[in-house]
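Okay, here's what each chain looks like letter by letter:
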Amino acid sequence: MKLSIIGSGYVGTTIAACFAEVGHDVVNVDIDEDIVASVNDGDAPIHEPGLDELVEKHAGDRLRATTDYDAILDTDATFLALPTPSEDDGHIDLSIMEAGARSVGRTLADKDGYHLVVTKSTVVPTTTEEVIAPLLEDESGLELGTDFDIGMNPEFLREGSAVSDFLGPDKVVLGSQTDRAAALLRDVFDPLVERAGGPPVVETGVREAEMIKYANNAFLASKISLANDLANICKEYGIDSEEVLDAVGLDSRIGSAFLGAGVGWGGSCFPKDVAAIVAAARDAGYEATMLEAAVEVNDRQPVRMLDILREHTDPSGARVAVLGLAFKPGTDDVRNSRAIPLIDALLDAGADVVGYDPVATENMREHFPDIDYADSAADALAGADAALVVTDWDEFAALDDEFDAMTDAVVVDGRSIVSRRDGIVYESLV
Ligand SMILES: NC(=O)c1ccc[n+]([C@@H]2O[C@H](COP(=O)([O-])OP(=O)(O)OC[C@H]3O[C@@H](n4cnc5c(N)ncnc54)[C@H](O)[C@@H]3O)[C@@H](O)[C@H]2O)c1
Ligand SMILES: O=c1ccn([C@@H]2O[C@H](COP(=O)(O)OP(=O)(O)O[C@H]3O[C@H](CO)[C@@H](O)[C@H](O)[C@H]3O)[C@@H](O)[C@H]2O)c(=O)[nH]1
């Protein structure tokens, strides 16, 4: 089949390369000329394991990129993989999606024959039906349900494992309004589903598909916050929370994934998506109390980390090493990293902060140009009065003699990964 993907970022590039890998002819449309040139040169514009190989393999053959929306005319279906950021009050900002839908609509005015437009981006329920579809109709002059259909296909890939998550999904969710759209979506995903060994395919409505994505992320984020709440209780009693949560996770109704207690969840998705569904629910007349509590617990974890530090060291004037700047290991992405509120609070308290991350330093420099950055964990620790472990990079778990170079070896571990205890004042956050 011939597919067009609007947006060539994390999701757009990954799905374009993977759709090419399963046999489709794919064109990526992006407004950024550098990104387009990169894809056409066979280089992935983002860092994801396995993506470079796929882009190199298919570029110039089953995969190409362009800034020209006309490319969608020669395709059967168009996926919108555009950003859906947060407004300051947490509401979803649909302006980029609206601009993309207008451009697609204007282009489809020249389309001969049927077309399917699928929302891949994470959007609050009813967006595809009540915002995207009317824009497509207005701009194209075409009739929904007759000349074209809409669909919704939420994406569950994680950064750092995007390619393997997309090619080996736990489930595929296909939202549509008509049999024709459902059949076309099935055709798009059949080769991938077959290759992945037949994961469940959930065929549903458009707004249900939109809600499944939020429910998924809200559930995972809340699971981590609940683990943090329970681990905080454990800490008050001097109970090993890891032992408790490991045992709890053995219950097949609960499961062990996403019970990792610590400094909390960040990244480009959980914070904005939980905020967006809470705001949308409020607009609809419902107060999402559980989700609000999940956010509150998450916001409190960095504060607790500083409180624990203060029990041992006054941060004012102290040199504090922040180990880990990325929002999780395996990525250089610092969006909503827990290191950001921590560094803010340390600076407010008058600390002299030195940050270290194996790959995310340059991105964090944009947030905090004036703190020190070290080239290694050892350099960050040398002469530091205290260290906060924020990201669970493997190399931090292996630290040992490096702690001896600290002035006062106070270590507050936000990911419970440091194994050395002798000769340092060690506190796990939970
Ligand atoms: N990043 C993830 O791990 C992930 C996972 C699942 C779902 N999502 C969702 O997928 C959506 C896209 O996220 P992302 O992380 O891929 O975004 P991104 O910022 O990485 O990429 C978006 C791309 O869209 C391009 N763009 C912007 N306006 C455009 C326009 N008018 N026309 C064409 N291209 C345009 C940008 O140049 C950029 O390359 C969001 O809704 C996000 O919530 C993201
Ligand atoms: O037990 C855990 C697991 C994760 N985290 C934190 O949770 C955040 C998110 O981690 P992860 O889910 O691995 O990364 P993302 O790439 O943000 O992926 C999430 O967000 C994507 C965008 O919506 C979804 O597609 C994915 O399914 C969903 O896992 C990170 O800060 C992690 O440190 C914990 O604190 N404890």
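Residues numbered from 1 in each chain as written. Chains lettered and ligands numbered in written order. Predicted model: local features only at pLDDT ≥ 70, side-chain atom pairs only at ≥ 80, totals over all residues. Heavy atoms only, no water.

- As annotated in an unreviewed UniProt entry, the protein is UDP-glucose 6-dehydrogenase from Halopelagius inordinatus.
- Quoted verbatim from the Catalytic activity (unreviewed entry) heading of the UniProt record, the comment on the protein is "UDP-alpha-D-glucose + 2 NAD(+) + H2O = UDP-alpha-D-glucuronate + 2 NADH + 3 H(+)". (UniProt positions renumbered as here; feature names shortened; annotations may be inferred.)

1. Things to note about the site of ligand 2
Right, so step 1: Taken together, 20 residues surround ligand 2, and among them Phe156, Leu157, Lys213, Gly260 and Cys269 come closest.
Right, so step 2: Within the backbone of glycine 266, one N or O atom sits 2.9 Å away from an oxygen atom of ligand 2.
Right, so step 3: A distance of 3.0 Å separates an oxygen atom of ligand 2 from a polar side-chain atom of lysine 328.
Right, so step 4: Look at ligand 2: alone it shows 700 Å² of surface, and the protein chains cover 89% of it.
Right, so step 5: For the shell around ligand 2, the elements supplying multiple residues, two or more each, are α8 (206-237) and α10 (270-283).
Right, so step 6: Grouping the amino acids of the shell around ligand 2 by side-chain chemistry returns nine nonpolar, four polar and seven charged.
Right, so step 7: Both domains that meet at the shell around ligand 2, namely domain 1 (2-204) and domain 2 (301-428), each give it at least three residues. (Near = heavy atom within 4 Å. Polar contact = N/O pair within 3.5 Å; in protein donor to acceptor, adjacent residues only side chain to side chain. Areas by Shrake-Rupley, 256 points an atom, 1.4 Å probe, with all protein chains shown as cover. Helix = DSSP H or I, 4+ residues; strand = E, 2+ residues; numbered from the N terminus. Nonpolar A, V, L, I, M, F, W, Y, C, P; charged D, E, K, R; others polar. Domains from an automatic or database assignment.)

2. A closer look at the packing of aromatic side chains
Right, so step 1: Taken as a whole and judged by the stated rule, the model has six aromatic pairs.
Right, so step 2: Consider the rings of phenylalanine 19 and phenylalanine 79, whose centres lie 5.5 Å apart with planes at 50 degrees: the pair is tilted. Taken together, the positions of phenylalanine 19 in helix α1 (residues 10-21) and phenylalanine 79 in strand β4 (residues 77-80) put the pair 60 residues apart, joining distant regions of the chain. Each of the two residues, phenylalanine 19 as well as phenylalanine 79, counts as buried.
Right, so step 3: Grouped by ring-pair contacts, the aromatic residues Phe19, Phe79, Phe166 and Phe189 constitute a single cluster.
Right, so step 4: In this arrangement the basic side chain of lysine 171 is found over the ring face of phenylalanine 156, its NZ or CZ atom lying 4.6 Å from the centre. (Phe/Tyr/Trp six-rings, centres within 6.5 Å; stacked < 30°, edge-to-face > 60°. Buried < 20%, exposed > 50% of the residue type's maximum accessible area, 1.4 Å probe, protein only. Lys NZ or Arg CZ within 6 Å of the ring centre and 35° of its normal.)

3. Here's the deal with helix α5 (residues 127-140)
Right, so step 1: Here α5 contains 14 residues, and its C-alpha end-to-end distance of 18 Å stays within 8% of the 20 Å for a straight helix at 1.5 Å per residue.
Right, so step 2: Remark: the principal bend of α5, roughly 30 degrees, maps to alanine 133, with a proline, proline 134, within the next four residues.
Right, so step 3: Looking only at α5, the buried set comprises Thr127, Thr128, Glu129, Ile132, Ala133, Leu135, Leu136 and Ser140.
Right, so step 4: Residues of α5 that are buried make contact with β4, α4 (95-108), β5 (115-119), β6 (148-152) and α8.
Right, so step 5: Just beyond α5, the residue with positive phi is glycine 141, at close to 75 degrees. (Expected span 1.5 Å × (residues − 1). Bend = angle between axes of the 7 residues up to and from the residue. Contact = heavy atoms within 4.5 Å.)

4. Regarding the UniProt feature "active site" (unreviewed entry) in the protein
Right, so step 1: When the UniProt feature table is mapped onto this chain numbering, "active site" (unreviewed entry) sits at Cys269.
Right, so step 2: Excluding residues that lie within four positions of it along the chain, cysteine 269 makes contacts with Asn217 and Val274.

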